[in-house]
Amino acid sequence: MDKGVKNQSITELWHGFRDFSPIGLIVFSYAIVFGALAVKSGLTVPEAGLMSLTVFAGASQFLALPMIQDGASAWTLTSMALMVNMRHLLYGLSIGKKYSGAHPLKLLGLSFGIVDETYAFNTLGPGRRITSIPYFMGTALCGYVVWNTGTVAGAMAGRWTPLLKAEGLDFAMLAVFISMIGSSIRDRRDWGILGCSGLAALLIRRLTGGYWHLFIVGLTVPLAFAIFTKGKNDAN
């Protein structure tokens, strides 16, 4: 690689890291919550840290904690993670379109850094007009560093600070998702999808128990969103 190109890539990587830092502070706050709840759920500090290093998916990790407490099998946990993260298929399609000229291997590496925050930042937020892959990776690197640092800090605090009370703190992640969903709802169709998914989850939970409502709603809502979005685009 040409030295000038390499230096430019490093600069763009740093700019992405720097620009994402304010959001990184928010990610850090609920990473601490996750770490504290993880040790309360029976994980050790190294196990909580390893989970964040390898999974890097906040919603799935939060949802996995009560399932681990209940003795859920590896198959159940894996199925839950896949269904809850079905929305990442849509994220990937959008990111792939934005960086359509990139080598497939670069897109594969990019995919690990696609989480709700980096996706929103680079498609709807300040990074939406920047088509540099190093810039995107800078935002992903920032998110990855603060998520893992916060996890370990929270796990250590939860393990060694008896006064730390984590009851109710798990609402922090839910609050973040509510705010993200609320800011993206623009018309009646979006409200309809949201309302139907909520009602479906409550009904399925009541009828089946367990975590089937997460699997089913996690699968159907992204598909419904894709169908309705296509209809809106075709109408336009």
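Residues numbered from 1 in each chain as written. Predicted model: local features only at pLDDT ≥ 70, side-chain atom pairs only at ≥ 80, totals over all residues. Heavy atoms only, no water.

Looking at this structure, I do not really get the pattern of salt bridges. What am I missing?
Oppositely charged side chains are able to pair whenever their charged atoms sit close together. Enumeration over the complete set of coordinates arrives at one salt bridge. When the shortest N-O distance is used, the salt bridge between D19 and R18 registers 3.1 Å. The partly exposed category is assigned to D19, whose relative accessible area is 30%. (Salt bridge = Lys/Arg side-chain N within 4 Å of Asp/Glu carboxyl O. Buried < 20%, exposed > 50% of the residue type's maximum accessible area, 1.4 Å probe, protein only.)

Can you help me understand the packing of aromatic side chains in this one?
In this description, a pair of aromatic rings is defined by centroid distance and the angle of the planes. Tallying each qualifying case throughout the model produces ten aromatic pairs. Here F56 and F112 contribute two aromatic rings whose centre-to-centre distance is 5.7 Å and whose plane-to-plane angle is 35 degrees, an arrangement assigned as tilted. Highlighted residues: F56 in the loop between α2 (45-54) and α3 (58-69) and F112 in the loop between α6 (104-111) and α7 (116-123), separated in sequence by 56 residues. With a relative accessible area of 8%, F56 lands in the buried category. (Phe/Tyr/Trp six-rings, centres within 6.5 Å; stacked < 30°, edge-to-face > 60°. Helix = DSSP H or I, 4+ residues; strand = E, 2+ residues; numbered from the N terminus.)

Honestly, the nonpolar core in this entry has me stumped. Any pointers?
Counting 24 residues, the largest nonpolar core has F34, A38, F62, L65 and W147 as the members making the most contacts within it. Looking at this core, the elements that each hand over two or more residues are α1 (3-40), α2, α3, α4 (74-84) and α8 (133-160). Among the elements that make up this core, the one with the highest residue count is α1 (eight residues). Excluding its chain neighbours within four sequence positions, the residues that come into contact with A38 are L43, A48 and L65. (Core = buried A, V, L, I, M, F, W, Y, C linked by side-chain atoms within 4.5 Å. Contact = heavy atoms within 4.5 Å.)

For this particular structure, what's the right way to read α7?
Given 3.6 residues to a turn, an α-helix orients residues that are three or four positions apart in the same direction. Most of α7 is tucked away, with seven of its eight residues classed as buried. Of all the positions in α7, only D116, E117, T118, Y119, F121, N122 and T123 are classed as buried.

Even after reading the chapter, I still don't get the environment of T149, so can you show me in this structure?
Within the element layout of this structure, T149 appears in helix α8. Residue class for T149 comes out partly exposed when judged on its relative accessible area of 42%. In the structure, T149 is positioned 114 residues away from G35 in sequence and 9.6 Å away in space, judged by C-alpha atoms.

So what exactly am I meant to see when it comes to the confidence of the model for the protein here?
Do not read the predicted coordinates in detail wherever pLDDT is low. Confidence along the protein averages 81 in pLDDT terms, with 77% of residues attaining 70 or more. Mean pLDDT values for the elements of the protein range from 61 in helix α9 (residues 171-184) up to 94 in α2. (pLDDT = per-residue confidence, 0-100.)

Looking at this model, I keep getting lost on the side chain of S60. Mind explaining?
Assignment of secondary structure puts S60 in helix α3. Owing to a relative accessible area of 3%, S60 belongs among the buried residues under this scheme. Not counting residues within four places of it along the chain, the set of residues in contact with S60 comprises M80, A81, V84 and N85.

Honestly, the packing of helix α5 (residues 87-98) against α7 in this entry has me stumped. Any pointers?
Helix-helix packing is described using two parameters, namely the angle between the two axes and the distance between the axes. Viewed as axis vectors pointing N to C, α5 and α7 meet at an angle of 35 degrees, and their least axial separation amounts to 11 Å. Regarding α5 and α7, the two cross each other, and that crossing is left-handed. Contacts from R87, Y91, S94, I95 and K98 in α5 reach D116, Y119, N122 and T123 in α7. Of the residues belonging to the contact of α5 with α7, the class tally is three nonpolar, three polar and three charged. (Axes fitted to C-alpha atoms, helices over the stretch in contact; angles between N-to-C directions. Left-handed = near helix turned anticlockwise from the far one by under 90°. Nonpolar A, V, L, I, M, F, W, Y, C, P; charged D, E, K, R; others polar.)

Looking at this model, I keep getting lost on the environment of V84. Mind explaining?
In this structure, V84 sits in helix α4. A sequence separation of 24 residues divides V84 from S60, and the C-alpha atoms of the two residues are 6.7 Å apart. What V84 contacts, discounting residues up to four positions off in sequence, is A59, S60 and L63.

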